[in-house]
Amino acid sequence: MTEKKMINVALPKGRLGEIVYGMMEQAGYECPEVLNPKRKLTFENEERGVRYFWVKPSDVPIYVERGAADVGVAGKDILLEYSPRVYELLDLGIGKCRMCVAGPKTFRDDESRTLKVATKFPHIARRYYESKGRDISIIKLNGSIEIAPILGLSDVIVDIVETGKTLKENGLDALETIVPISARFIANKASFQFKHDEISAMSQSLSAICQTKE
Ligand code: PRP
């Protein structure tokens, strides 16, 4: 009999990560102390063959790409922005939102001018406008993007819209949808070969849970 290999799982810190852990638990990979971390950084259930750790959501693909984690969960926004070399095994159907162009309600695009776009997602924004043949200049910000058009720093923004509340509160409208976003189960490419049976079994169990949720 071959020895069962442990799967290292990078969970995104925050509410989404807690939902993901709930799905893992349902799939038979329980490790309750994950939800009550105290000072520990990694959490293991040897019998179930799983070891968890929490990381900043945007760092999950880095851990997985470099093999520090075998698998993890990351938003499609992060995957599109950073294009990590990982396998995307499953759409978990949670963390749903959309990547949008948003701007003041009165915004009209004047194509004779370069469009100023503020965003945390410069690659996504650049690719989108390139596909439309629209000339833009990107203003890379790290948060509070909605304020940029209000203060005249940019004409529009490219950002995540979930409920639309943040836009509304700032007098902005979603003008175009670039792409729908949801959380994805990703795997390190080498781990997927070496721990194929274990990772496939995890992916299939999660997939079954996603289907019951639909
Ligand atoms: C995202 C996004 C918007 C907000 C949209 O920010 O940048 O500000 O959520 O959500 P809504 O449509 O439900 O109002 P996030 O909460 O991820 O924080 P951040 O800007 O600090 O990354």
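Data block above holds the structure.
A quick note: this is a predicted structure, and the numbers were derived from the prediction, not measured. (Residues numbered from 1 in each chain as written. Predicted model: local features only at pLDDT ≥ 70, side-chain atom pairs only at ≥ 80, totals over all residues. Heavy atoms only, no water.)

S.K.: Give a description of the overall build of the protein chain that names residues and reports values.
M.R.: On a plain count of helices and strands, the protein chain comes out with eight helices and eleven strands. Across its three principal axes, the protein chain shows a C-alpha extent of roughly 70 × 35 × 30 Å. Relative to its full complement of 214 residues, the protein chain shows a buried share of 46%. For the protein chain, the proportion of contacts with a sequence separation of at least 24, taken over those separated by at least 6, is 67%. In the form shown here, the protein chain has an accessible surface area of approximately 11,800 Å², with 49% of it arising from carbon and sulfur atoms. Averaging the positions of the 31 positive and the 30 negative side-chain charges in the protein chain gives two centres separated by 3 Å. (Helix = DSSP H or I, 4+ residues; strand = E, 2+ residues; numbered from the N terminus. Buried < 20%, exposed > 50% of the residue type's maximum accessible area, 1.4 Å probe, protein only. Contact = heavy atoms within 4.5 Å. Areas by Shrake-Rupley, 256 points an atom, 1.4 Å probe, with all protein chains shown as cover. Lys, Arg positive; Asp, Glu negative; His and termini not counted. Charge placed at Lys NZ, Arg CZ, Asp CG, Glu CD.)

S.K.: So what's going on with the site of the ligand? Which residues, and what values?
M.R.: Contacts to the ligand come from Lys-120, Glu-146, Asp-159, Ile-160, Val-161, Glu-162, Thr-163, Gly-164, Lys-165 and Thr-166. Here an oxygen atom of the ligand and a side-chain polar atom of Thr-163 are 2.5 Å apart. A distance of 2.4 Å is found between an oxygen atom of the ligand and a side-chain nitrogen or oxygen belonging to Thr-166. When isolated, the ligand has an accessible area of 500 Å², and the protein chains bury 59% of it. Under a 2 Å grid-point criterion requiring more than half of the atoms, the pocket assigned to the ligand is the second largest pocket. Looking at the shell around the ligand element by element, the count peaks at three residues for strand β9 (residues 156–161). A per-class count over the shell around the ligand returns two nonpolar, three polar and five charged. (Near = heavy atom within 4 Å. Polar contact = N/O pair within 3.5 Å; in protein donor to acceptor, adjacent residues only side chain to side chain. 1 Å grid on protein atoms, 1.4 Å probe; cavity = no way out; pocket = protein on both sides within 12 Å on 5 of 7 lines; lining within 4 Å. Sits in = over half its atoms within 2 Å of the grid points. Nonpolar A, V, L, I, M, F, W, Y, C, P; charged D, E, K, R; others polar.)

S.K.: Could you give an account of the packing of helix α1 (residues 15–26) against helix α8 (residues 196–213), with specific residues and numbers?
M.R.: The interhelical angle for the contact between α1 and α8, taken along N-to-C directions, is 110°, at an axis separation of 9 Å. Considered as vectors, α1 and α8 are oriented roughly perpendicular to each other. Taken together, the residues of α8 that come into contact with α1 (itself represented by Met-23, Met-24 and Gln-26) are Met-202, Leu-206, Ile-209, Cys-210 and Lys-213. When the residues that make up the contact of α1 with α8 are grouped by side-chain class, the tally is six nonpolar, one polar and one charged. (Axes fitted to C-alpha atoms, helices over the stretch in contact; angles between N-to-C directions. Parallel < 35°, antiparallel > 145°, perpendicular 65-115°, else oblique.)

S.K.: Please give an account of the packing of aromatic side chains that cites residues and values.
M.R.: Under the definition given, this model contains four aromatic pairs. Plain terms: the ring middles of Tyr-21 and Tyr-52 are 5.5 Å apart, the flat faces sit at 80° to each other, and that makes the pair edge-to-face. Here Tyr-52 lies in strand β3 (residues 50–55) and Tyr-21 lies in helix α1, a separation of 31 residues in the sequence. Given a relative accessible area of 0%, Tyr-21 falls into the buried group. The buried category is assigned to Tyr-52, whose relative accessible area is 0%. (Phe/Tyr/Trp six-rings, centres within 6.5 Å; stacked < 30°, edge-to-face > 60°.)

S.K.: Any chance you could break down the sheet that holds strand β5 (residues 87–91) for me, citing the residues and the numbers?
M.R.: Here we have six strands laid out as an open sheet, ordered β2-β3-β1-β4-β11-β5, and mixed in their pairing. One side of each edge strand has no neighbouring strand; the edge strands of this open sheet are β2 (42–45) and β5. If you compare each strand with its neighbour and ignore which way they point, the axes differ by 30° on average. In this sheet, β3 lies alongside strand β1 (residues 7–12) in parallel orientation, the contact comprising six bridges. Each bridged residue has a counterpart across the sheet, and for Pro-12 the counterpart in β3 is Val-55. Relative to the sheet, α8 contacts β1, β3, β4 (71–75), β5 and β11 (183–187), its axis offset from that of β5 by approximately 25°. (Pairing = 2+ DSSP bridges.)

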